[in-house]
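Structure at a glance
Here are the chains, one letter per residue:
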Amino acid sequence: MPALLEVKNLTKIYEDGTRALTDVSFSVQKGEFVVLLGLSGSGKSTLLRCINRLVEPTAGEIIFDGRNTTTASFQELCQIRRDIGMIFQQFNLVKRSSVLRNVLSGRLGYVDTLRSTLGLWSAADMRRAHGALKRVGIPEKAYNRADELSGGQQQRVGIARALMQGPKLVLADEPVASLDPVLSHSILQYLEALNKEDGVAVICSLHIPTLARRYASRILALNAGILMFDGTPKLLDNAKFKEIYGQDAESVEEEGRA
Amino acid sequence: MTTPKPASTQAPIQPPRQLGKRLLNLLIIVIIVGMHVYGWRVTEIDLAKLAHPPINLKTMVSDFLHPDLFSRQQKSARVYVPFIVPCDSDLKPQGSVGHGLTLTPTCGQTGAEVAIVLEDARPNTAGRLNWRFPQGSSTLLRKFTTNETGRFEASVAVPQAPLGQEKGQQGAEVILEWEEGAMRLSETARAVADRMLETIFLALMATTFGVLLAFPVSFIAARNIMTTNPVGTAIYYITRLILNLLRSVETLIWALIFIVWVGIGPFAGVLALILHSAASLAKLYSEAVEAIDPGPVEAVRATGAGRFQTVLFAVVPQVIPQFIAFTVYRWDINVRMSTVIGLVGGGGIGFLLIQWINLLQYRQAATAVYAIMIVVASMDYFSGWLREKIT
């Protein structure tokens, strides 16, 4: 069976010369829960955004579901993005819009421009939106303004928005970094349910190893834009973790002394 | 100081020579002073003129303190009684004989004493007593006010008639004038109200169409929306350039141009205000668009939404409050501008104002000026209140 996502020799150099990713290659199978581990600035966000081309890759190839995203036209890209949900650290909801409208915006890739402009959502889409909110446990908040919700609730709206797309893959960029630690498990459990019940593949970036080991079926570890580890959580024990990131800490200490 | 200095022959440290810098400073001061001396002459500043105003300034100020606002219906009544000069003339008295007005005698020579009695007229009313000569001219004998029973008495000498009209039918004429009914807005006030309404709607039309034009343009003129690809970047810079050019020409000048195009009147004013409003609003709007949180845009793009959908769902909701605030502010400006756009023929109250000023009708002009003050001040207050409510 071909992989759902294949990333080949991905390199990203920003215009200011920052080298965010260097020659990253991996593939993701259907139904996997991949945790992308790394310190801040290690290239996790860039990698996730290259997959749906919110960030243009400098070199390399990304094949999603048999379609080459790196060479896709804007129309083709929209079709590809429809199948890839995304969840953000800052939730990225439109704060002044209602929760329902935020959730419905997940459906925009399926609706033509005129209908969405006029707000003529089909009954099926409305049902789907209310269903998505029910699934993340906040059906009663549909008509609240998004910024009236707590952080945890806002992230659940973010998940509901991704659910609307009926995605094959969900990219989650540090989905719990802006939340209370106690809420982390609640949010990650929704992602886990999405993964287990709907068979949606998840790539979730985290920077806490314990969370990564708890949820991941596979861990990718990035350091300074280079893929340092690709394997099951069991293989990434503390020793291995220090092996990957320890040197960095040491070099920082030395700089401090100098 | 008593502390021993280290043995040193070195001179104390001198600040570096700054002669060049000082000369430069001096030169700059000289240039600035020179510019102001020249400016004083060019702008013909003459303080003596302020101290010696022309006489008509006084009437102007007094007129401005008494704007033409209210009036009542003007009424008058006229009675006439003939008087024959001299008595032996065989002339028959002609013309209406006034009710309640009696002359004793009813004939005589120039200079003769005539007792004039007015009875049963309107009480407490101001009137004029005229003497009419054979060919219709008249002279004012006196002004009076009737008493509370409507009576007025006078003894006058028959005045010297114009040459050649000494003989014939002369006569006494009494004209009473009074105002009746409730105070009403004067004709001036009604004209001002009319034009003021035109002014406010001129501003409204200009603002509405300005907004309709500015809204789509503002996204094209926003860096964060457009500079994602080279074509967009080019459109962005061209749009910005056009907006800046449009804004650099003042509304009054646009009005003059449109007057040539569509003729004098409010339409030219509306067009001028639309153009300037659209350009200014597009700039303000686009700055609001540039200041949005990029997160939601990223999120909506990631769902597979098209460019237009992304703007509509992720950008528009974020900028609506600022757009409304800028729009109210612009309406405020447009009301102010539309009061003066008439000065050049662009319709509205300014059109009346400049006419009255040119005709030296300062009381009427004062009415217009006060109306402008009231409308602009209340608009100012209202827009401030509205903006506070929204944001």
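Above: the structure in question.
Residues numbered from 1 in each chain as written. Chains lettered and ligands numbered in written order. Predicted model: local features only at pLDDT ≥ 70, side-chain atom pairs only at ≥ 80, totals over all residues. Heavy atoms only, no water.

All right, on to the overall build of chain A then. A count of helical and extended segments in chain A gives nine helices and 10 strands. Expressed as a percentage of the 258 residues in chain A, the buried residues total 52%. Summing over all exposed atoms, chain A offers an accessible surface of approximately 11700 Å²; the carbon and sulfur share of this is 51%. (Helix = DSSP H or I, 4+ residues; strand = E, 2+ residues; numbered from the N terminus. Buried < 20%, exposed > 50% of the residue type's maximum accessible area, 1.4 Å probe, protein only. Areas by Shrake-Rupley, 256 points an atom, 1.4 Å probe, with all protein chains shown as cover.)

What follows deals with the interface of chain A and chain B. A common way to state how big an interface is: give the accessible area lost once the parts meet. Facing the 30 residues of chain A at the interface are 21 residues of chain B. Between chain A and chain B lies a buried interface of about 2100 Å² when both sides are counted; carbon and sulfur atoms form 60% of it. Here A:K95 ties to B:D293 by a salt bridge, and the two come within 3.6 Å at their closest N and O atoms. For the pair chain A and chain B, the number of links is seven residue pairs in polar contact (both at pLDDT 80 or more). For the side of chain A that touches chain B, the secondary structure elements donating two or more residues are helix 2 (74–82), strand 6 (84–87) and helix 4 (113–118) of chain A. With four residues, helix 2 of chain A is the largest single contributor of residues to the side of chain A that touches chain B. Of the residues that constitute the side of chain A that touches chain B, the class distribution is 11 nonpolar, 10 polar and nine charged. (Contact = heavy atoms within 4.5 Å. Buried area = accessible area lost by both parts, 1.4 Å probe. Salt bridge = Lys/Arg side-chain N within 4 Å of Asp/Glu carboxyl O. Polar contact = N/O pair within 3.5 Å; in protein donor to acceptor, adjacent residues only side chain to side chain. Nonpolar A, V, L, I, M, F, W, Y, C, P; charged D, E, K, R; others polar.)

Further remarks concern helix 7 (residues 181–198) of chain A. Residues and elements named next belong to chain A. Its 18 residues place the ends of helix 7 26 Å apart at the C-alpha level, agreeing with the 26 Å of an ideal helix rising 1.5 Å per residue. Those residues of helix 7 lying buried are S184, I187, L188, L191, E192, L194 and N195. Angularly, the buried residues of helix 7 cover 150 degrees about the axis, an arc narrow enough to put them on a single face. Of the exposed residues in helix 7, the ones pointing more than 90 degrees away from its buried face are V182, K196 and E197. Among the residues trailing helix 7, G199 stands out with phi positive, at a value near 70 degrees. (Expected span 1.5 Å × (residues − 1). Arc of directions from axis to C-beta.)

Residues and elements named next belong to chain A. The strand order 2-1-4-5 describes an open sheet built from four strands, whose pairing is antiparallel. Of all strands in the sheet, those with a lone pairing partner are strand 2 (19–28) and strand 5 (67–68), marking the two edges. Here strand 1 (residues 5–13) runs beside strand 2; their pairing, made up of six bridges, is antiparallel. Paired with K12 across the bridge in strand 2 is L21. Packing of helix 1 (residues 44–51) onto the sheet brings it into contact with strand 1, strand 2 and strand 4 (59–64), and relative to strand 2 it is tilted by some 60 degrees. (Pairing = 2+ DSSP bridges. Axes fitted to C-alpha atoms, helices over the stretch in contact; angles between N-to-C directions.)

What follows covers the pattern of salt bridges. When the charged atoms of two side chains lie near each other, side chains of opposite charge can form a pair. Tallying each qualifying case throughout the model produces 28 salt bridges over all chains. The closest approach of N and O atoms between A:R67 and A:D83, which form a salt bridge, is 2.8 Å. Of the two residues, A:R67 is situated in strand 5 and A:D83 in the loop between helix 2 and strand 6; the sequence distance between them amounts to 16 residues. Across the pair B:R78 and B:E173 runs a salt bridge, and its minimum N-O distance is 2.4 Å. Residue B:R78 is found in strand 1 (residues 70–85), and its partner B:E173 is found in strand 7 (residues 168–185); the two are separated by 95 residues along the sequence.

Further remarks concern the side chain of A:E32. Residues and elements named next belong to chain A. Relative to the elements of secondary structure, E32 occurs in the loop between strand 2 and strand 3 (33–37). Of the residues examined, E32 reaches a relative accessible area of 14% and is grouped as buried. A polar contact of 2.9 Å, which involves the side chain of E32, links it to the side chain of R218. Once residues within four sequence positions are removed from consideration, E32 is found in contact with S27, N195, V200, A201, V202, S217 and R218.

So, about the nonpolar core. Counting residues in each nonpolar core, the largest one holds 74 residues, and the members touching the most others are A:L37, A:V103, A:L133, A:L191, A:C204, A:L206 and A:I219. Examining the composition of this core, we find that eight residues originate from one element, helix 10 (residues 307–341) of chain B, more than from any other. One finds A:V24, A:F26, A:L48 and A:V55 within the second-largest nonpolar core, a separate group that totals 32 residues. (Core = buried A, V, L, I, M, F, W, Y, C linked by side-chain atoms within 4.5 Å.)

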